[in-house]
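For reference, the chains in residue letters:
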Amino acid sequence: MGRALHLLSEEPESFKAFADLLKRAGGCVAIDGGLATQLEQHGADIKDPLWSALCLITSPDLIRKVHKEYLEAGAEVLVTASYQATLQGFEARGLTQAEGEALLQKSVTIACEERDRFWDQYIDHLRLGLAESGMYRRALIAASIGSYGAFLADGSEYSGDYGPDMTKTKLKDFHRRRLLVLADAGADLLAFETIPCKLEAQAFVEILEEEDIQIPSWLVFNSKDGLNVVNGDSFDECIALAANSKKVVAVGINCTPPRFIDGMIRAARKVTSKPIVVYPNSGECYDGIKKEWITCTGMGEKHFISHVAEWRESGANLIGGCCRTTPITIKAISKVLHDQALPTSSPSQVPTLQKSEKSCSDQTLRLNFVPLSPSPELH
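What you are looking at is a predicted structure, and each value in this text was computed from that prediction instead of being measured.

J.: Before we go on, may I ask you to explain the overall build of the chain in this structure?
T.: Scanning the chain for helices and strands turns up 14 helices and ten strands. Across the 379 residues in the chain, those meeting the buried criterion constitute 59%. Sequence separation of 24 or more characterises 79% of the internal contacts of the chain that already satisfy a separation of 6 or more.

This is the structure in structure tokens:
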């Protein structure tokens, strides 16, 4: 390991919780897995243009349940149910802009509340001797912002084909208000996900700069060949573009077959010293026309997990799962990372962070948790 990561020591206070989390984890943490996958496991019907965001309207308690399952599995970053939540999408369902903005804020509030509830319960259990010190750290909340293709709901986030008339200005106009609402909703960071082309990455980075967004962001791209993002743009160039922004704390890959991940981590590490985020899909392929996942060359869950240590060694700093992964996947990832963590102080220490006394909108809440014990059991 031994890499010197760019951890933003001189950045604003709002950026430091992210750096602290990585530092206290020994450089690599588990993030959550497929939200929509797990919602469907619990009976949600999300075959809808809003996809998982439909549950913000119809069944928010299911979102809470899934967030809790990922926290119990050891996720240290929760991604909100806003990936396919857009003001334009809500308007198409007859909602006003105010109602749409309230739903965006709700996606963050749900995640914050469930995180705080879980953490408070863990602290209570520690005091009562019902839990081990070092089993969990207080998770961060990442507000998800999906690509324009996700709004189209035609699978174009897996192709990046937005037509010949698409421009950076149009993309900025589409994304700007949603980005501003989510940035002000109380999340710890913004997660720009499944970016299929360099043009959209440019749009995101420019909005962050133009609006002087004060919480950190990560940008992650998807690929079909392990060399380029899905529309054919150079992966290396996309990573460099994102990493060059002072508003971006991490870059990486999501919703990409696991077999490509190690090579892409190594490619990204040659371009940047910033933390690298990876959350592959299960290895299946998505048919945007039929709107279903189909079996293709990939790997089973055991094979997926067998690569986690390799991904970490290659330079990944945040590892989780995307479509078709579950809390079982994240529990296994978390255990691998916990087992490999190198404690820097006595594992017998107890966290000194008090029960949550600040609202989820307090973006400067400081983490104060000791390193993980060598081989905790996750319950």
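J.: Looking at this model, I keep getting lost on the sheet that holds strand 3 (residues 140-146). Mind explaining?
T.: The strands making up a sheet associate through backbone hydrogen bonding, with each pair oriented either parallel or antiparallel. Pairing in this open sheet of eight strands is parallel, and the strands run 1-10-7-6-5-4-3-2 from one edge to the other. Lying at the two open borders of the sheet, with one neighbouring strand each, are strand 1 (29-30) and strand 2 (77-79). Two strands pair when backbone bridges link them, and strand 6 (residues 248-254) and strand 7 (residues 276-279) are joined in this way by four bridges, in the parallel orientation. The residue of strand 7 that forms the bridge with N254 is Y279. Strand contacts of helix 11 (residues 261-271): strand 6 and strand 7, with the helix running at about 165 degrees to strand 7, the strand carrying the most contacts.

J.: Please clarify how the environment of G74 should be interpreted in this entry.
T.: Along the chain, the position of G74 falls in the loop between helix 4 (60-73) and strand 2. In this structure the C-alpha to C-alpha distance between G74 and K331, which are 257 residues apart in sequence, comes to 5.8 Å.

J.: Hey, could you run me through the side chain of R138 in this one?
T.: By the secondary structure assignment, R138 is in the loop between helix 6 (97-127) and strand 3. Residue classification places R138 among the buried residues on the basis of a relative accessible area of 6%. A polar contact of 2.9 Å, which involves the side chain of R138, links it to the side chain of D116.

J.: Just checking my understanding: could you explain the nonpolar core for this structure?
T.: Nonpolar side chains in soluble globular proteins tend to end up buried together. L190, F192, L219, F221, I319 and I333 are the most contacted members of the largest nonpolar core, which totals 85 residues. Among the elements that make up this core, the one with the highest residue count is helix 6 (eleven residues). Ignoring sequence-local partners within four residues, the contact set of I333 consists of A30, F304, I305, V308, I319 and G320. Of all hydrophobic cores here, the second largest spans 25 residues; its members include L21, L189, W218 and C323.

J.: What should I look at first to understand unusual backbone geometry in this one?
T.: Most peptide bonds adopt trans geometry, and most residues besides glycine take a negative phi value. Non-glycine residue T194 carries a positive phi angle of around 55 degrees. Locating T194 in the fold gives a position in strand 4 (residues 189-195). Residue T194 is classed as buried on the basis of its relative accessible area of 2%.

J.: What's the story with the pairing of strand 4 in this structure? I'm lost.
T.: When a strand is regular, its side chains alternate between the sheet's two faces. Across the seven residues that make up strand 4, a large majority, seven, are buried. Pairing geometry for strand 3 and strand 4, over five bridges, is parallel. Paired with G146 across the strands is E193, a residue of strand 4. One ladder, built from four bridges, connects strand 4 with strand 5 (residues 217-221); its direction is parallel. Its bridge partner lying in strand 5, F192 is registered against L219. Once the chain exits strand 4 it traverses helix 9 (residues 198-210) before rejoining the sheet at strand 5, and the crossover so formed is right-handed.

J.: For this particular structure, what's the right way to read the pattern of salt bridges?
T.: A full pass over the atoms with the stated rule returns 18 salt bridges. The partner of D212 in a salt bridge is K247, and the shortest N-O contact between them spans 2.5 Å. Taken as a pair, D212 in the loop between helix 9 and strand 5 and K247 in the loop between helix 10 (235-243) and strand 6 lie far apart in primary sequence, 35 residues in all. Using a relative accessible area of 44% as the deciding quantity, one classes D212 as partly exposed. Measuring nitrogen to oxygen at the nearest pair gives 3.0 Å for the salt bridge that ties D262 to R266. Here D262 pairs with R266, and both are found in helix 11, just four residues apart, close to one helical turn. On the basis of relative accessibility, which here comes to 45%, the residue R266 falls in the partly exposed class. Three or more residues joined by partner-sharing salt bridges are found here, namely K168, K172, R176, E206, E210 and E211.

J.: Even after reading the chapter, I still don't get helix 14 (residues 327-340), so can you show me in this structure?
T.: Because an α-helix completes one turn every 3.6 residues, residues spaced three or four positions apart along the sequence face the same direction. Over its 14 residues, helix 14 extends 20 Å from the first C-alpha to the last, a length consistent with the 20 Å expected when each residue adds 1.5 Å. Within helix 14, burial applies to P327, T329, I330, I333, S334, L337 and H338. Looking straight down helix 14, one finds its buried side chains confined to an arc of 160 degrees; they lie on one side.

J.: Can you help me understand the packing of helix 9 against helix 10 in this one?
T.: Working note: a packed helix pair is described by the angle between its axes plus the distance between those axes. The interhelical angle for the contact between helix 9 and helix 10, taken along N-to-C directions, is 5 degrees, at an axis separation of 10 Å. Between helix 9 and helix 10, the angle is such that the two are roughly parallel. In this structure, helix 9 uses K198, A201, Q202 and V205 to contact helix 10, whose residues at the interface are E237, C238, L241 and A242. By residue class, the composition of the contact of helix 9 with helix 10 is five nonpolar, one polar and two charged.

Rules and cut-offs
- Residues numbered from 1 in each chain as written.
- Predicted model: local features only at pLDDT ≥ 70, side-chain atom pairs only at ≥ 80, totals over all residues.
- Heavy atoms only, no water.
- Helix = DSSP H or I, 4+ residues; strand = E, 2+ residues; numbered from the N terminus.
- Buried < 20%, exposed > 50% of the residue type's maximum accessible area, 1.4 Å probe, protein only.
- Contact = heavy atoms within 4.5 Å.
- Pairing = 2+ DSSP bridges.
- Axes fitted to C-alpha atoms, helices over the stretch in contact; angles between N-to-C directions.
- Polar contact = N/O pair within 3.5 Å; in protein donor to acceptor, adjacent residues only side chain to side chain.
- Core = buried A, V, L, I, M, F, W, Y, C linked by side-chain atoms within 4.5 Å.
- Right-handed = clockwise from strand over helix to strand, strands pointing away.
- Salt bridge = Lys/Arg side-chain N within 4 Å of Asp/Glu carboxyl O.
- Expected span 1.5 Å × (residues − 1).
- Arc of directions from axis to C-beta.
- Parallel < 35°, antiparallel > 145°, perpendicular 65-115°, else oblique.
- Nonpolar A, V, L, I, M, F, W, Y, C, P; charged D, E, K, R; others polar.

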